[in-house]
Each structure stands twice: as structure tokens, then as C-alpha cells.
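Chain residues, written in single-letter form:
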Amino acid sequence: MKRILATAAAAATALGLMAAPAEAASPVQIYRVYFDSPGKDTRSNKSLNGEWVQLYNRTTKTRQLKGVKLRDKTGYTYTFGWFQLKGRKSVYVHTGRGSNNATHRYWGRKAYVWNNTGDTAYLLYPNGKRADSCSWTSKGSSKYC
């Protein structure tokens, strides 16, 4: 009987009828994207920094983000240098210029990244594999992921 069940399970797996184990969720995830900065899009540094992505470490363990990338559909990419995100803490990645610290990082761009009409933010491991993503349409000015 065990042999018959094992053979049936193997056949079902080969045919794709049994679900594969779910991938583990990334410890650091995209929590919110503020894609439409307040006011008119003037490309001022203040307006550029009103556009940001909030990443959240959902574990209690500090995570090293060196080499982790934040990218949009077009391919604009922010790459973290040496940076540790403490457990249960957030970091905001702003589009414009500023002084990096433990909770705010700055891309240094002089143009907007996130499209107000819809876009996708991708969080990528240093090896290029997707850790998380978040998509939105033109509704509102931000998206909780």
C-alpha cells in the first residue's frame, strides 16, 4: 500500500498536480511606496525626497543590505552600500539628495523614479533574485504593499 501511495504521489508531482513548497518570504520587504510626492512635480530636491520607498525588516535580527537593489520597471536602480537594518525597523529610500543615516537613505537623483500612473518597485538580493515587489496604479499617492 505504501508503495502504491508513493508511486501515486510521484506521478502527481511529475504532472504538477501537487503544490510545490512555498518560498520563504524575504526578511526585508517593501512596506510602502510614496510614488506621488505632495504638491506639484517641480523636481526640487524637497519634491524629489517626497517620493520614497519604505523597507521593513520583519524579523528581530539585524540584516546587512550591502548589494541589495531597489529597482523600478524602467530599470532605475538604487544599490545599498554597507548598511545594517535593525530588527523590526524601517528604512526610507528617498529619490533626491540628502545625508544618509540609520532610517533614511538618499538615491541622489535629480529626476523622479516612480511613475504616478502605475509602476512596480522590485527589491532584489545581491545575486539578482527577487526578494519582494510592489505594484500600483494611478489611484492615490502611495501604496501599502
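For the structure itself, look to the data block above.
Quick caveat, the model's predicted, so the values are computed rather than measured. Per-chain numbering applies: the sequence of each chain, read as written, is numbered from 1 onward. Totals for whole chains, interfaces and linings use every residue, but because this is a predicted model, local features are given only for residues with pLDDT of at least 70 and side-chain atom pairs only at 80 or more, for both listing and counting. As a convention, hydrogens and water are excluded, and side-chain values are obtained from all of the structure's heavy atoms.

Draft legend 1. Main features of the overall build of the chain. By the criteria applied, helices consist of DSSP H or I runs no shorter than four residues and strands consist of E runs no shorter than two, each listed in order from the N terminus. Secondary structure summary: the chain contains 2 helices and 11 strands in total. Start at the N end of the chain and walk to the C end: the helices and strands fall as α-β-α-β-β-β-β-β-β-β-β-β-β. Relative accessibility under 20% of the residue-type maximum defines a buried residue, over 50% an exposed one, and the middle range a partly exposed one, all with a 1.4 Å probe and only protein chains included. Looking at the 145 residues of the chain, the share that counts as buried comes to 37%. When contacts within the chain are restricted to residue pairs at least 6 apart in sequence, those whose partners lie at least 24 apart make up 55%. By the convention used here, residues are in contact when the closest approach between their heavy atoms is within 4.5 Å.

Draft legend 2. Structural context of the sheet that holds strand E9 (residues 118–124). Across the sheet, 4 strands lie side by side as E5-E4-E9-E10; this open sheet has antiparallel pairing. Only two strands of the sheet have a single partner each, and these edge strands are strand E5 (77–79) and strand E10 (130–137). Taken over all neighbouring pairs, the strand axes of this sheet differ in orientation by 15° on average, direction set aside. Strands are labelled as partners when DSSP assigns at least two bridges between them. Two strands pair when backbone bridges link them, and strand E4 (residues 69–71) and E5 are joined in this way by 3 bridges, in the antiparallel orientation. Residue pairing in the sheet places lysine 69 in a bridge with threonine 79 of E5. Every angle, taken between N-to-C directions, lies between 0 and 180 degrees, and every axis is a line fitted to C-alpha atoms, over only the stretch in contact when it is a helix.

Draft legend 3. Layout of unusual backbone geometry. The phi dihedral of arginine 43 is positive, around 65°, even though this residue is not glycine. Position of arginine 43 relative to the elements: it lies in the loop between strand E1 (28–34) and helix H2 (45–49). Looking at arginine 43, the relative accessible area reads 52%, which means it is exposed.

Draft legend 4. The nonpolar core, seen in detail. We define the nonpolar core as a collection of buried residues of types Ala, Val, Leu, Ile, Met, Phe, Trp, Tyr and Cys that are connected through side-chain atoms lying within 4.5 Å of one another. Grouped together as the largest cluster of nonpolar side chains are 23 residues, with contacts concentrated most on Ile30, Val33, Leu55, Phe80 and Trp114. Elements supplying a minimum of two residues to this core: E1, strand E2 (52–57), strand E7 (90–94), E9 and E10. When near neighbours in sequence (up to four residues on either side) are disregarded, isoleucine 30 contacts Val53, Gln54, Leu55, Leu70, Ala121, Tyr122, Leu123, Asp132, Ser133, Cys134 and Cys145.

Draft legend 5. Spotlight on the environment of arginine 97. Secondary-structure assignment places arginine 97 in the loop between E7 and strand E8 (104–106). With near-sequence residues (within four places) excluded, arginine 97 lies in contact with Asn45, Asn49, Tyr106, Gly108, Arg109 and Lys110.

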